[in-house]
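Residue-level listing of the chains:
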Amino acid sequence: MQYYVSPFNKETKLKFPKKITIYDTTLRDGEQTPDVCLNPKEKLEIAKKLDELKIHQIEAGFPIVSNHEKKSVKTIANEGLNAEIISLARTKKEDIDASLDCDVDGVITFMATSDLHLEHKLKLSRQQALNVCMNSIEYAKDHGLFVAFSAEDATRTDLDFLKRIYKKAEEFGVDRVHIADTVGAISPQGMDFLVRELKNNINIEIAMHCHNDFGMALSNSITGLLAGGSAVSTTVNGIGERAGNTSLEELIMALKIIYGIDLGFKIKYIQELSNLVEKYTKIKIHNNKPIIGKNIFRHESGIHVDAVIEEPLTYEPFLPEMTGQQRQLVLGKHSGCRAVKAKLDECGFEVTKDELCRIVEEVKKSREKGTYINDEVFSHIVKTVKGPFDL
């Protein structure tokens, strides 16, 4: 058995869509994280690793931003990856032309729809905004692209207007509409209501693009799927503007293990992908980050270590090998005899029972003094207890 989760999960009667699309925006929204700037080589390497994972769609960038960005998107689009390559475009002809020049499979064209944004940012009326959006959708569809329309700040938009603009987008042939929870301001219950309301009004795919300002991006994405949405926007390591976006690794592992929805991803590459994004973005992964954090499969507490040595699933919901990780037993003030004995066996040290107890005591003392117990420190403790000529 590779994982062991609560049996009560199966007692809930949940209905997910038959087909779920994950489109990853690490190379676009993820790169919009302050201080992050990826070069074409780095972008391509990340795209290839996403493709190795078997991601469905890669949002490769925002071509109109610069020639440098345009080159990156075009390189990825012409790499021959299995994933569909899409790019971001404002509701402007020049943006869509820039995407067309990159040979992408599709575009996400977007405009803010909330009164807050229309009044203070765009200086447009609702009708003016609707007209501009439809013109861009029509132009992109006329050029044979897959077209998604994203209503920026959708979750703070008047519901009747949101329904109206999405319905009009459907009439103009858009392939998918996106609910952008731009500042993470909706609750899971609110997302459930919104998606169900939209499903009663339109007959095209609905996607969730969720930000994590209140830590609800993952919950909102899954709730949206259960309410009838069929696509989710993600970023590797959950990076992105402010508090970031729905985390790719958290979403696919939650769907697979908690909900039993296997989307066919090659999850053994998750850690490699995560480390690659950390390396190029220079955004450190928190030690306690779900799925890919340093501490997810590290154990120190003596009670925990005893159980993990006997059966790893006592304190792990899934085995680390599934996502390309390794378990690590950490020595410290909470360590017991079994953890230290395991470390001694790993290092090839043989000790008596009395020596083992003394080594455990020295490990605890050293850690409480602020010394991290690495292999060198541990070896020194063993030699101090046994004597250098007894090893």
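Everything below is about the structure shown above.
The structure contained in this document is the topic of the report that follows. Source: prediction; values computed, not measured.

### Focus on the pairing of strand β5 (residues 146-152)
Phase 1 of the analysis: With seven of seven residues buried, β5 lies mostly within the body of the structure.
Phase 2 of the analysis: Of the two faces of β5, both are covered, the one formed by F146, A148, S150 and E152 as well as the one formed by V147, F149 and A151.
Phase 3 of the analysis: Strand direction decides the pairing type here: strand β4 (residues 106-112) and β5, joined by seven bridges, are parallel. If you follow T109 over to β5, its bridge partner there is F149.
Phase 4 of the analysis: Inspection of the sheet shows β5 paired to strand β6 (residues 176-181) by four bridges, in the parallel sense. Along β6, the bridge assignment pairs S150 with H178.
Phase 5 of the analysis: Regarding the hand of the β-α-β motif, the stretch spanning β5, helix α7 (residues 159-171) and β6 is right-handed.

### Here's the deal with the sheet that holds strand β1 (residues 21-24)
Phase 1 of the analysis: The sheet built from eight strands closes into a barrel, its strands ordered β1-β2-β3-β4-β5-β6-β7-β8 with parallel pairing. Averaged over all neighbouring strand pairs, the angle between strand axes comes to 25°, with direction disregarded.
Phase 2 of the analysis: By the bridge criterion, four bridges tie β1 to strand β8 (residues 231-234) in an arrangement that is parallel. Bridge pairing in β8 links Y23 to S233.

### Remarks on the nonpolar core
Phase 1 of the analysis: In terms of nonpolar packing, the biggest core is built from 86 residues, with I46, I58, F149, I165, Y166, I179 and L248 touching the most fellow members.
Phase 2 of the analysis: When residues no more than four places from it in sequence are discounted, the contact partners of I179 are A154, T155, Y166, M191, L194, V195, L198, I206, A207, M208 and H209.

### Here we look at the side chain of R28
Phase 1 of the analysis: Relative to the helices and strands, R28 resides in helix α1 (residues 26-30).
Phase 2 of the analysis: Accessibility expressed as a relative area gives 10% for R28, which makes it buried.
Phase 3 of the analysis: In this structure, R28 is in contact with E59, G61, F62, L88 and H209, ignoring residues within four places of it in sequence.

### Let's talk about the pattern of salt bridges
Phase 1 of the analysis: With the rule as written, the count across this model stands at 32 salt bridges.
Phase 2 of the analysis: Taking the shortest distance from any N to any O, the salt bridge between E171 and K168 comes out at 3.7 Å. With E171 and K168 both in helix α7, this residue pair falls three residues apart, about one helical turn.
Phase 3 of the analysis: E171 sits in the exposed class, given a relative accessible area of 54%.
Phase 4 of the analysis: Under the relative-accessibility criterion, K168 is labelled partly exposed at 33%.

### Notes on helix α12 (residues 302-310)
Phase 1 of the analysis: Regarding α12, the residues found buried are G302, V305, A307 and V308.
Phase 2 of the analysis: Residues of α12 that are buried in the fold lie against β9 (298-299), β10 (328-329) and α13 (337-347).

### Focus on unusual backbone geometry
Phase 1 of the analysis: In this model, K54 sits at a positive phi of 80°, which is unusual for a non-glycine residue.
Phase 2 of the analysis: Looking at the secondary structure, you find K54 in the loop between α2 (40-53) and β2 (57-59).
Phase 3 of the analysis: Residue D103 is not a glycine yet carries a positive backbone phi of 65°.
Phase 4 of the analysis: By the element assignment, D103 lies in the loop between α4 (93-101) and β4.

### Comments concerning the packing of aromatic side chains
Phase 1 of the analysis: Inspection of the entire model under this criterion finds four aromatic pairs.
Phase 2 of the analysis: Summarising the aromatic geometry, the rings of F16 and Y259 are spaced 5.4 Å apart at their centres and angled 70° between planes, so their arrangement reads as edge-to-face. Taken together, the residues span a long stretch of sequence, with F16 in the segment before β1 and Y259 in the loop between α10 (248-258) and α11 (270-281) at a distance of 243 residues.
Phase 3 of the analysis: Judged by relative accessible area, F16 falls into the buried class, the value being 14%.
Phase 4 of the analysis: Judged by relative accessible area, Y259 falls into the partly exposed class, the value being 32%.
Phase 5 of the analysis: Geometrically, the ring pair formed by F149 and Y166 is edge-to-face, given 6.3 Å between the ring centres and 75° between the ring planes. Placement of the pair is F149 in strand β5 and Y166 in helix α7, with a sequence separation of 17 residues.
Phase 6 of the analysis: In this structure Y166 comes out as buried when scored by relative accessible area, which is 0%.

### Quick word on a nonpolar patch on the surface
Phase 1 of the analysis: On the surface, a nonpolar cluster with roughly 250 Å² of combined accessible area is contributed by L14, I258 and Y259.
Phase 2 of the analysis: Among the secondary structure elements, L14 is positioned in the segment before β1.

### Structural notes on the packing of α13 against helix α15 (residues 375-386)
Phase 1 of the analysis: The geometry of α13 relative to α15 is characterised by a closest axis approach of 12 Å and an angle of 95° between their N-to-C directions. Our classification of the angle between α13 and α15 gives roughly perpendicular. Along its contact with α13, which presents V340, K343, L344 and C347, the element α15 presents D375, F378 and V382.
Phase 2 of the analysis: Of the residues that constitute the contact of α13 with α15, the class distribution is five nonpolar, no polar and two charged.

About the criteria used
- Residues numbered from 1 in each chain as written.
- Predicted model: local features only at pLDDT ≥ 70, side-chain atom pairs only at ≥ 80, totals over all residues.
- Heavy atoms only, no water.
- Buried < 20%, exposed > 50% of the residue type's maximum accessible area, 1.4 Å probe, protein only.
- Helix = DSSP H or I, 4+ residues; strand = E, 2+ residues; numbered from the N terminus.
- Pairing = 2+ DSSP bridges.
- Right-handed = clockwise from strand over helix to strand, strands pointing away.
- Axes fitted to C-alpha atoms, helices over the stretch in contact; angles between N-to-C directions.
- Core = buried A, V, L, I, M, F, W, Y, C linked by side-chain atoms within 4.5 Å.
- Contact = heavy atoms within 4.5 Å.
- Salt bridge = Lys/Arg side-chain N within 4 Å of Asp/Glu carboxyl O.
- Phe/Tyr/Trp six-rings, centres within 6.5 Å; stacked < 30°, edge-to-face > 60°.
- Patch = residues over 30% accessible without salt bridge, like charges linked within 9 Å, V, L, I, M, F, W, Y side chains within 5 Å.
- Areas by Shrake-Rupley, 256 points an atom, 1.4 Å probe, with all protein chains shown as cover.
- Parallel < 35°, antiparallel > 145°, perpendicular 65-115°, else oblique.
- Nonpolar A, V, L, I, M, F, W, Y, C, P; charged D, E, K, R; others polar.

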